[in-house]
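Letter by letter, the chains look like this.
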Amino acid sequence: MSEELIQRNLIEAPEKMGDWNFYNIGATTLKALKGAKIIPDKDYEAYEGKKPDALIVKKPIIIAAIEYKTPQELRTEKQIAKAIAQEIGTAQILQAKVYIVTDGKKTFWINPATGQEILQEDGSRITLNFDKSSTECITLINKIRASINATNNQIKAAASVDPLPLAEKVWQDLWAVSGATPENCLYTFVEIFIFKYLSDLGVLKGMYSFYDLLGKYSGNNENEVLEYYASTVRVKIKALFPGNPKDKTTIINGTIFVSKDDKAVSGYATVFHKILKRFNDFGTLENIDYDFKSKLFETFLKESISKKNWGQYFTPLKVVRAIVNMIDITPGMKICDPACGVGKFLLEPILHDLHRFYKVEDGELKLQITLSGFDKGFDKDEQKTIILAKANMLIYMSGLLREHPEMTDKFAKFFNDTFLLQTNSILGTLAKPVHDQYDLILTNPPYVMSGSSNLKEEISKDDTLKKYFSVSAMGIEGLFMEWIIRALKPNGKAFIVVPDGIMNRSNDKKLRDFILEQCEIDAVISLPLNTFFTTNKKTYILALTKKAPVMVDGVPTLQRQTSPVFTYLCSEIGETRDVYRFDIEQNDLQVASDLFNMFKGAKTSFANTLNMIGDKRCKISSIDDFYNGTHWCVERWWNHEERQALGIEEESKTIGVNDLRVLLADTINTLSELDEPLAEVEKKR
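Quantities reported herein were computed from a predicted structural model and do not represent experimental measurements.

Q: Outline the overall build of the protein chain, listing residues and values.
A: Looking only at helices and strands, the protein chain features 28 helices and 22 strands. Out of the 685 residues belonging to the protein chain, those deemed buried represent 51%. Of the contacts formed within the protein chain by residues at least 6 apart in sequence, a portion of 69% connects residues at least 24 apart. Total accessible area on the protein chain is roughly 31300 Å²; 50% of this is exposed by carbon and sulfur atoms.

Q: Give a description of the pairing of strand β16 (residues 539-546) that names residues and reports values.
A: Summarising burial for β16: 8 of the 8 residues are buried, a large majority. Taking every second residue as pointing to the same face, both faces of β16 are buried, with T539, I541, A543 and T545 on one and Y540, L542, L544 and K546 on the other. Bridge count between strand β14 (residues 488-499) and β16: 7 bridges; the pairing is antiparallel. Pairing of F495 across the sheet is with A543, part of β16. Relative to β16, strand β15 (residues 519-526) runs antiparallel, the two being bridged by 7 bridges. Bridge assignment links S526 to a residue of β16, and that residue is Y540.

Q: I'd like a rundown of the pattern of salt bridges, residues and numbers included.
A: Throughout the structure, instances matching the rule amount to 31 salt bridges. As a salt-bridge pair, K509 and D513 come within 3.0 Å of each other at their nearest N and O atoms. Pair noted here: K509 and D513 are both in helix α22 (residues 509-518), with a separation of 4 residues, about one helical turn. Residue R560 is joined to D624 by a salt bridge in which the shortest nitrogen-to-oxygen separation is 3.3 Å. Placement of the pair is R560 in the loop between β18 (555-557) and β19 (565-569) and D624 in helix α25 (residues 624-628), with a sequence separation of 64 residues. Residue classification places R560 among the partly exposed positions, given a relative accessible area of 46%. With a relative accessible area of 33%, D624 lands in the partly exposed category.

Q: Lay out the nonpolar core in plain terms, naming residues and giving numbers.
A: With 110 residues, the main nonpolar core has I194, L198, F241, F257, Y358, M397 and F566 as its most contacted residues. The element that contributes the greatest number of residues to this core is helix α6 (residues 182-200), accounting for 11 residues. Each residue touching F257, except ones within four places of it in the same chain, is listed here: L174, T188, I192, L226, K263, A264, V265, Y268, V271, F272 and I275. Core analysis: the next-biggest nonpolar cluster, separate from the first, contains 49 residues, V471, L511, V524 and C633 among them.

Q: Can you break down the environment of D281 residue by residue, with the values?
A: In this structure, D281 sits in helix α9 (residues 269-282). For D281 and L166, which are 115 residues apart along the polypeptide, the C-alpha to C-alpha distance reads 9.7 Å.

Procedures and definitions
Residues numbered from 1 in each chain as written. Predicted model: local features only at pLDDT ≥ 70, side-chain atom pairs only at ≥ 80, totals over all residues. Heavy atoms only, no water. Helix = DSSP H or I, 4+ residues; strand = E, 2+ residues; numbered from the N terminus. Buried < 20%, exposed > 50% of the residue type's maximum accessible area, 1.4 Å probe, protein only. Contact = heavy atoms within 4.5 Å. Areas by Shrake-Rupley, 256 points an atom, 1.4 Å probe, with all protein chains shown as cover. Pairing = 2+ DSSP bridges. Salt bridge = Lys/Arg side-chain N within 4 Å of Asp/Glu carboxyl O. Core = buried A, V, L, I, M, F, W, Y, C linked by side-chain atoms within 4.5 Å.

Okay, structure coming up:
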């Protein structure tokens, strides 16, 4: 054993560089380092006696080998070349990802695979000096690890990887051979994606990795490989990420290749092999960028998911991000989405702040905020949205998971604690009355009339629920609005996507009065038709703050709102409002989001600022318009000339045949929604 390692206690307590171990040694041979299990146990041949100055290690990977020189040894080009060549062989035999030569003033970053200096994205040399306490160095080394190889010495700029071509091909492969629903094709696609992703992150290794399974085709037939995946690999994934005993969900649940009892489904071995090859050809998923994480589901779903099921579970990313831009999150907050779908409203706010909100200390995942997402799933046979949410969360959290692959059980518990499938009642989330629990609620609840009478009938059977849902609001969205308001803490905030019915139905006057009584209205942002993939229903973003009682004559009282309300009329949301969803330049929603952030800091004086800005889409409305008006459809508060100037209303009053057909279809749908409430009235009579 090395005397240096023992005296400095480097075996038990190495120095740290981020999450890596840093060994500043110089008197210890590779043989001794191998004996101390600091580097992999293998034959280092003629280099066994070499003594590297320093190593950065993330077992079993050697991140970097470091050679220290004096400034006098790195003065000339010849000296520099000699210094680099001196220990490049050691870095190569260690299979280090980067070789660093430094004199403390300047640093040379070398690709061990080529012996050449590593270049920045723009082709220039790296000027950053190595410092083990520098987060910049950690970031740079991670970039280098993600970019260089035996044929490339240059750091690659983060590429925008579009998963749509892969998703389309895989979905077509699956649907062609199985005829399964788009939802089941999606779950299976996500399962294989997670399998490949965990392998690229280094979580699945050896006999359980994607690449090991692909290699088995050389000595086994396709049926045997699929059986091995079902009986061994898939079981391992579920062991690493245990399911939630409350709802029996984990991060994977594809049912095309593998049955519910973990048996390979006969007849699908060939297409399974084909899809594995597609994923392999697509390349590594380890360093996918932020937009890939956000758009994985969006690009797949908008092409393939059935409109019947998915409409109420999916909010366009442009809408989610605009709302996230409007919120403020501080440590200690409890955040909820009671109809979470695939979890975007909870995951997007943490995307760029993972290390702020989540820390790993002493082998434990320390949470600075609490996320809670609930969902009822599609229907009795398709209750899997929570599985997609957990898989989505794994993708969002991949940076932390890559740094701590040994903590999969801790991450699984975190996923299970965050997302819960509500299947004990047809009411789903609404079955559990919650009071004053959340600091922030972000949601796009389902808004359909069909089935609401069944929910109300279920509520009527329970005295506690009857008292909780006392407003008798229309539709499922009305019940969710009541739940949201009661579940908010005093001074808690909610950002809710609501349909126009809540804003203008005379039968929902009681609900609007309840909102005014319990909350302050911060904003109403009018969204254009076809904002959502599966409906052309008119919708709004409603921003609320729950009132905190104040003492009046010794009695806690909810006071009448006096502050004005931010209202905005959006024509475009930054993408075409069709099935293709191409990005476009005009994004009124993003402008609205930015202006709201200015408004909330100076509500009473913002009107003066708005006059200087001159945005005709924005109005600061008196709260009296909400108390005294017959509706909250704010776009009607712009007159005909104003709407015409904004391009919202055409001068011509004639429409084409196709537009007339769309108008008639919309009218028929709107009228059909009245059937169930009218039936309720008739039943009561």
